[in-house]
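Residues per chain, in single letters:
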Amino acid sequence: MIKNGSHAVEEDKVDSSSLCHSQEKRKRVIRVWCDGCYDMVHYGHSNQLRQAKAMGDYLVVGVHTDEEIAKHKGPPVFTQAERYKMIRAIKWVDEIVEGAPYVTTLETLDKYNCDFCVHGDDITLTVDGKDTYDEVKRMGRYRECKRTQGVSTTDLVGRMLLLTKSHHSNVDNASYQLHTDNFGKGPKGHSPWTGVSQFLQTSQKIIQFASGKEPQPGDTIIYVAGAFDLFHIGHVDFLETVHKQAEKPYVIVGLHFDQEVNRYKGKNYPIMNIHERTLSVLACRYVSEVVIGAPYAVGKDLLDYFKVDVVCHGKTEVFPDTDGTDPYTEPKKRGIFRILDSGNNLSSDDIVQRIIGNRLQFEARNQKKEAKEMAVIKALKDKANSLKTETALTNN
């Protein structure tokens, strides 16, 4: 309470000081922390990081070690070195912290000068079933972003283990649904966080992921084409090599339609449909633009339309077009075709083989995760019911 003029002046000083402080705060760089396993990195992870970056100015991402993931969840598909490199390649990431602790603490946020951490609206549990974000939530240094519907590591692994092509068009398929139910379900019900849902593409989502930058005078326009299925470290290394081909590169990636990919790859490929592959590629910092449903043959019309200076392809096999011709005839004739060696020969087939080799472990991992999530859901429901009962008794 103010009793005299001197106190009134002091309050004015406080208000003025607060105003200056808030202006300084607005100028200050807001540092945001995200962490996770980031195994089988997909556009859902990229979307989480995009949303987190939008909440501040500088995004620091902590990635857990193989040992920590194995302890709390089960074996990761990718090694920690591969996962570190994948996260570095996502365009919204400013810095990564290798070997970040599995449980997020205030100590970690303070160590990296981060204002708060961001996580999706699902729950992450330790090996003993505790919320890994409990401490930062209690201290008000936690923000939530919306989980991307229609994709999960569980779902992708399920697709790889089946020979169905239903995921190409997101059409419900009885055998696929039965398998994903077995793969993602625990013994006592179904968790909303581990379930399999359907991805629906929207123009807004593409706009959010796209750079929106046109090629500038002096840019070298480089074109590459392919499936870029299960966007992985092999793709990242290749695109980084492509990006290094010029001082001012503008990299355009042509993505083939699902039917085209299936024609030359066979089996149940592509694992990810055209819409999912589009977002995965757009999230890569080495990519400027994507052609959705690019023609298989890199012909005169495409080269002239985009004013392409260089066409690149990796060391992988080039499959002939439907008429048996070389799809790169035109760029070769123009002398603008280059074969690049990224030094990484990892393929989608290799990833599928990793999954198949550890199938039982992955199934056990997801069932264990599901069971822990169901236990948390039950505890939250019990707590809510208990509070309702207490309120009712108090009111009576």
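Structural data are supplied above this passage.
As a starting point, this report considers the structure included with it. (Residues numbered from 1 in each chain as written. Predicted model: local features only at pLDDT ≥ 70, side-chain atom pairs only at ≥ 80, totals over all residues. Heavy atoms only, no water.)

Observations concerning the overall build of the protein
Now for step 1: Within the protein, the secondary structure is distributed over 16 helices and 10 strands.
Now for step 2: Across the 396 residues of the protein, 49% fall into the buried class.
Now for step 3: As displayed, the protein offers around 20,000 Å² of accessible surface, 52% of which is attributable to carbon and sulfur atoms. (Helix = DSSP H or I, 4+ residues; strand = E, 2+ residues; numbered from the N terminus. Buried < 20%, exposed > 50% of the residue type's maximum accessible area, 1.4 Å probe, protein only. Areas by Shrake-Rupley, 256 points an atom, 1.4 Å probe, with all protein chains shown as cover.)

Describing the layout of surface pockets
Now for step 1: Computed from the structure, the largest pocket encloses a volume of approximately 770 Å³.
Now for step 2: Forming the walls of the largest pocket are 31 residues, and the residues nearest its centre are Ala 227, His 235, His 313, Thr 316 and Glu 317.
Now for step 3: Residue assignment for the lining of the largest pocket shows that the elements contributing at least two residues are β6 (220–226), α10 (233–243), α11 (258–265) and α15 (348–357).
Now for step 4: Considering each element in turn, the lining of the largest pocket owes the most residues, three residues, to α10.
Now for step 5: A class-by-class count of the residues in the lining of the largest pocket yields 12 nonpolar, 13 polar and six charged.
Now for step 6: Estimates place the volume of the second largest pocket at around 310 Å³.
Now for step 7: Lining the second largest pocket we find 14 residues, and of these Ser 211, Lys 213, Arg 285, Val 287 and Ser 288 sit closest to its centre. (1 Å grid on protein atoms, 1.4 Å probe; cavity = no way out; pocket = protein on both sides within 12 Å on 5 of 7 lines; lining within 4 Å. Points joined across faces, edges and corners; volume = space filled by probe spheres on them. Nonpolar A, V, L, I, M, F, W, Y, C, P; charged D, E, K, R; others polar.)

Comments concerning the sheet that holds strand β4 (residues 116–120)
Now for step 1: Spatial ordering of the open sheet is given by β3-β2-β1-β4-β5, a layout of five strands whose pairing is parallel. Edge strands, defined here as strands with exactly one partner in the open sheet, are β3 (95–98) and β5 (142–145). The average angle at which neighbouring strand axes cross in this sheet is 30 degrees, direction not considered.
Now for step 2: By the bridge criterion, four bridges tie β4 to β5 in an arrangement that is parallel. In the strand pairing of β5, Gly 120 is matched with Cys 145.
Now for step 3: On top of the sheet, helix α4 (residues 80–88) reaches β2 (58–63) and β3; it is set at about 165 degrees to β3, its chief contact. (Pairing = 2+ DSSP bridges. Axes fitted to C-alpha atoms, helices over the stretch in contact; angles between N-to-C directions. Contact = heavy atoms within 4.5 Å.)

Notes on the packing of aromatic side chains
Now for step 1: Scanning all chains against the criterion turns up seven aromatic pairs.
Now for step 2: Residues Trp 92 and Phe 209 carry aromatic rings whose centres are separated by 5.3 Å and whose planes lie at 80 degrees to one another, so their mutual orientation is edge-to-face. Residue Trp 92 is located in the loop between α4 and β3, and its partner Phe 209 is located in helix α9 (residues 203–209); the two are separated by 117 residues in the primary sequence. An identical accessibility class is assigned to Trp 92 and Phe 209; each is buried.
Now for step 3: Their ring planes at 85 degrees and their centres at 4.9 Å tell us that Tyr 305 and Phe 306 sit as a pair that is edge-to-face.
Now for step 4: Using a relative accessible area of 65% as the deciding quantity, one classes Tyr 305 as exposed. (Phe/Tyr/Trp six-rings, centres within 6.5 Å; stacked < 30°, edge-to-face > 60°.)

Examining empty space enclosed by the protein
Now for step 1: Applying the stated rule across the entire model yields four cavities of 30 Å³ or more.
Now for step 2: One number sums up the size of the second largest cavity: a volume of about 70 Å³.
Now for step 3: Lining the second largest cavity are Val 41, His 42, Tyr 43, Ser 46, Met 86, Ala 89, Ile 90, Phe 231, Val 236, Ser 280, Ala 283 and Cys 284.

Comments concerning the environment of Thr 79
Now for step 1: Structurally, the position occupied by Thr 79 is in the loop between α3 (66–72) and α4.
Now for step 2: Accessibility expressed as a relative area gives 36% for Thr 79, which makes it partly exposed.
Now for step 3: Taking the C-alpha atoms as reference points, Thr 79 and Asp 39, 40 residues apart in sequence, are found 8.4 Å from one another.
Now for step 4: Discounting chain neighbours no more than four positions away, the residues touching Thr 79 are Asp 66 and Arg 354.

Some thoughts on the pairing of β6
Now for step 1: Of all seven residues making up β6, six are buried, and the element is well covered by its neighbours.
Now for step 2: Two strands pair when backbone bridges link them, and β6 and strand β7 (residues 249–255) are joined in this way by seven bridges, in the parallel orientation. For Ile 221, the partnering residue across the bridge sits in β7 and is Tyr 250.
Now for step 3: As for the winding sense of the linkage, the β-α-β connection from β6 through α10 to β7 is right-handed. (Right-handed = clockwise from strand over helix to strand, strands pointing away.)

Focus on the nonpolar core
Generally speaking, nonpolar side chains in soluble globular proteins are found buried as a group.
Now for step 1: Core analysis: the biggest nonpolar cluster contains 64 residues, and Leu 49, Val 61, Ile 87, Met 160, Phe 228, Leu 239 and Val 253 have the highest contact counts within it.
Now for step 2: The element contributing the most residues to this core is α10, with five residues.
Now for step 3: When neighbours within four sequence positions are excluded, Leu 239 is seen to be in contact with Val 224, Phe 228, Phe 231, Val 253, Cys 284, Tyr 286 and Val 287. (Core = buried A, V, L, I, M, F, W, Y, C linked by side-chain atoms within 4.5 Å.)

Quick look at α10
Now for step 1: With 10 of 11 residues buried, α10 is to be regarded as a mostly interior element.
Now for step 2: All buried positions along α10 are accounted for by Ile 233, Gly 234, His 235, Val 236, Asp 237, Phe 238, Leu 239, Glu 240, Thr 241 and Val 242.
Now for step 3: Taken together, the buried residues of α10 touch α4, β6, β7 and β9 (310–313).

Considerations on the packing of α4 against α10
Now for step 1: One way to put it is that α4 packs onto α10 with a least axis distance of 10 Å and a crossing angle of 50 degrees. Taken together, α4 and α10 sit at an angle that is classed as oblique. In this structure, α4 crosses over α10, and the sense of that crossing is left-handed. When α4 is examined against α10, the residues Glu 82, Lys 85 and Met 86 are found in contact with a partner set consisting of Ile 233, Val 236, Asp 237 and Glu 240. (Parallel < 35°, antiparallel > 145°, perpendicular 65-115°, else oblique. Left-handed = near helix turned anticlockwise from the far one by under 90°.)

Focus on the environment of Tyr 43
Now for step 1: Relative to the assigned elements, Tyr 43 resides in helix α2 (residues 43–54).
Now for step 2: The exposure class of Tyr 43 is buried, given its relative accessible area of 0%.
Now for step 3: Spatially, the C-alpha atoms of Tyr 43 and Thr 278 are 9.1 Å apart, while their sequence positions differ by 235 residues.
Now for step 4: Within the structure, Tyr 43 has its side chain in polar contact with the side chain of Glu 276 (distance 3.1 Å). (Polar contact = N/O pair within 3.5 Å; in protein donor to acceptor, adjacent residues only side chain to side chain.)

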